[in-house]
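For reference, the chains in residue letters:
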2 protein chains.
Amino acid sequence: MSKLKIAIQGVPGSFHHQVALRNFGEDIEILDFDTFPSVAKSVANEEADFGIMAIENSIAGAIFPNYDLIDRFELSIRDEYYLPIAHQFMALPGQTIDDIKEVRSHPMALLQCKVFFAQHPHIQLKEDTDTASVARDIAAGNLKGVAAIASSIAAGIYGMEIIAPDIQTIKNNFTRFIILQKEASKPTTSVNKASTKVTIQDQKGGLAKLLTLIADNGIDLSKIQSIPVIEKPWEYAFFIDLVFEDPAVFAKTIDEIRASFGEVKIFGEYLSRK
Amino acid sequence: MSKLKIAIQGVPGSFHHQVALRNFGEDIEILDFDTFPSVAKSVANEEADFGIMAIENSIAGAIFPNYDLIDRFELSIRDEYYLPIAHQFMALPGQTIDDIKEVRSHPMALLQCKVFFAQHPHIQLKEDTDTASVARDIAAGNLKGVAAIASSIAAGIYGMEIIAPDIQTIKNNFTRFIILQKEASKPTTSVNKASTKVTIQDQKGGLAKLLTLIADNGIDLSKIQSIPVIEKPWEYAFFIDLVFEDPAVFAKTIDEIRASFGEVKIFGEYLSRK
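Remember, predicted model here, so these are calculated numbers, not experimental data.

Analysis parameters
Residues numbered from 1 in each chain as written. Chains lettered and ligands numbered in written order. Predicted model: local features only at pLDDT ≥ 70, side-chain atom pairs only at ≥ 80, totals over all residues. Heavy atoms only, no water. Phe/Tyr/Trp six-rings, centres within 6.5 Å; stacked < 30°, edge-to-face > 60°. Helix = DSSP H or I, 4+ residues; strand = E, 2+ residues; numbered from the N terminus. Buried < 20%, exposed > 50% of the residue type's maximum accessible area, 1.4 Å probe, protein only. pLDDT = per-residue confidence, 0-100. Contact = heavy atoms within 4.5 Å. Salt bridge = Lys/Arg side-chain N within 4 Å of Asp/Glu carboxyl O. Axes fitted to C-alpha atoms, helices over the stretch in contact; angles between N-to-C directions. Parallel < 35°, antiparallel > 145°, perpendicular 65-115°, else oblique. Left-handed = near helix turned anticlockwise from the far one by under 90°. Nonpolar A, V, L, I, M, F, W, Y, C, P; charged D, E, K, R; others polar. Pairing = 2+ DSSP bridges.

Can you lay out the packing of aromatic side chains for me, pointing to particular residues and giving the numbers?
Tallying each qualifying case throughout the model produces 12 aromatic pairs over all chains. Taking the centre distance of 5.2 Å and the plane angle of 20° together, the rings of F24(A) and F50(A) count as stacked. Taken together, the residues span a long stretch of sequence, with F24(A) in helix 1 (residues 15-24) and F50(A) in strand 3 (residues 50-56) at a distance of 26 residues. The pair F24(A) / F50(A) is uniform in exposure class, with both members buried. Here F116(B) and F117(B) contribute two aromatic rings whose centre-to-centre distance is 5.2 Å and whose plane-to-plane angle is 80°, an arrangement assigned as edge-to-face. F117(B) matches F116(B) in its accessibility class, with the two residues each being buried.

What follows is the structure, encoded as structure tokens:
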């Protein structure tokens, strides 16, 4: 059997690569892309079996409005994954923290480790566009005195030594990722969460009524995001994640929304991992 | 008087650069940064007088959850700007469309011009991480037969010739940008829009009640986005843009929200440009 092909954004060793390994195991083939649209496209054209996308609270860099990509490429959400964000301080092997003159990383990663760097003021902070690719570049250039902040997987891939582990200031920080596939599969396990797009015709008070209907059915909202519908200025659309106990109540609620408000698109029904 | 310093994300000629020129005129100094956090930081530490950030519907690439950056860096929204998205097909001067073998651009830009490229199937599409920087690289490398999709400003800056103007499929597409400053200034014009962060204690039905209160005051919602508050799982926060006719009614509504729901942070009060 050929290996599963998993599309990720970022270089090997990135946060997306971590999620791929934890979710699908070691025996996979990674297709790494520079951008989220390229990840979505590779799943849509079946180059990849599954795709992985950060969707909330990523510190790993930019998050494209990824629900919009799922919508445009007509992909389906199969599962979600919460990755604890941990930053490892790493450099070429054999160096101590006193040898390090400079650290390069994404500004959000530097910001998240500011207590650590305040304790080591001899290290100069330089902003870069990524985390794992700095580890790759230090290894490729044999750059002494330069450190990266990246994952332990990146350290393994690029032969870096972790000088100080878990240097992030906030220890309980997670990024939510979603696992994408081309075709919606019938859920094999019990599901209690769904990602949807709801389009309503009139906004003033319309959203309040929609959310009242949802709350009256005992269904919880775990995410809501409005989408500007530019070509139809009288329409408003929202990406809404719903959390429910009974799939039958969820189905009934969707029917009620369709009857009273308009279109509902379901991107996926899955098990909440939170 | 020294020139105003405007921080942008992207290289000169990018969409952010266009907004800077249209909003502040030609006589400015551009500070260009690779990432949105760097833009926010440069405004926070007063390196730049103002910053420009895409906030909704950008096709120019990734949008970091930028309201979160405004919140973290305690910046203030001074104004907004809607830029019509127009894609110019450009290459080194003297070439015709038949000379072009390949176009390189951001996948979203390529996608938005798909009707044009379907009419010119001899041109191979290559994905890149940006739009304007491709124009820069073609000029720097004197690359014949290669085209970029970028702004007319990028064509001017990098000495490229526009072979086909306005090749985007959808002609009425806008990206919303916000203009940032460090300190909140008292609005000098009449205002009818505000960007806020509202924190509420209990989610089930709580958001429905909040939006009902807002609707009952005759205030419109132009954007809503939930924010996961990871360290306080019993709290929920939302970025909400409100549009109102009377600033006094807006102020009264904010007082009512504070009394019934909790914390409200106002990022800025400004004039809607839509």
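Please give an account of the confidence of the model for chain A that cites residues and values.
Regions with low pLDDT carry predicted coordinates that are not meant to be interpreted in detail. Residues with a pLDDT of 70 or more make up 92% of chain A, whose mean pLDDT is 88. The low-confidence segment residues 58-62 of chain A (pLDDT under 50) makes 20 contacts with residues lying over four places distant or belonging to another chain.

I'd like to hear about the pattern of salt bridges, residue by residue, with values.
Counted according to the given criterion, the structure contains 24 salt bridges over all chains. Between D71(B) and K265(B) there is a salt bridge, and its shortest N-O distance comes to 2.6 Å. In this pair, D71(B) is assigned in helix 3 (residues 66-72) and K265(B) in strand 14 (residues 264-270), connecting sequence segments 194 residues apart. Given a relative accessible area of 10%, D71(B) falls into the buried group. K265(B) sits in the partly exposed class, given a relative accessible area of 27%. One salt-bridge network, in which partners are shared between bridges, spans E80(A), R176(A), K193(A) and D241(A).

Got a sec to walk through the environment of Q201(A)? Specific residues and values, please.
Residues and elements named next belong to chain A. Assignment of secondary structure puts Q201 in the loop between strand 11 (193-200) and helix 8 (206-216). What makes Q201 partly exposed here is its relative accessible area of 44%. In this structure, the C-alpha to C-alpha distance between Q201 and E235, residues 34 residues apart in sequence, is 4.7 Å.

Which residues make up the packing of helix 8 of chain A against helix 9 (residues 247-260) of chain A, and what values do they have?
Residues and elements named next belong to chain A. For the pair helix 8 and helix 9, the least separation of the axes is 10 Å and the interaxial angle reads 155°. Compared by their axis directions, helix 8 and helix 9 come out roughly antiparallel. For the crossing formed where helix 8 meets helix 9, the hand is right-handed. Across the interface between the two elements, L210, L213 and I214 of helix 8 pack against T253, E256, I257 and S260 of helix 9. Among the residues forming the contact of helix 8 with helix 9, the class breakdown is 4 nonpolar, 2 polar and 1 charged.

Just give me the short version of the sheet that holds strand 9 (residues 161-164) of chain B, but keep the residues and values in it.
Residues and elements named next belong to chain B. Ordered by their spatial adjacency, 5 strands build an open sheet running 7-6-8-5-9, and the pairing between neighbours is mixed. At either margin of the open sheet sits one strand with a lone partner, and together these are strand 7 (124-127) and strand 9. With strand direction ignored, the average angle separating the axes of adjacent strands in the sheet is 35°. As judged from the 4 bridges shared by strand 6 (residues 102-105) and strand 7, these two strands associate in the parallel manner.

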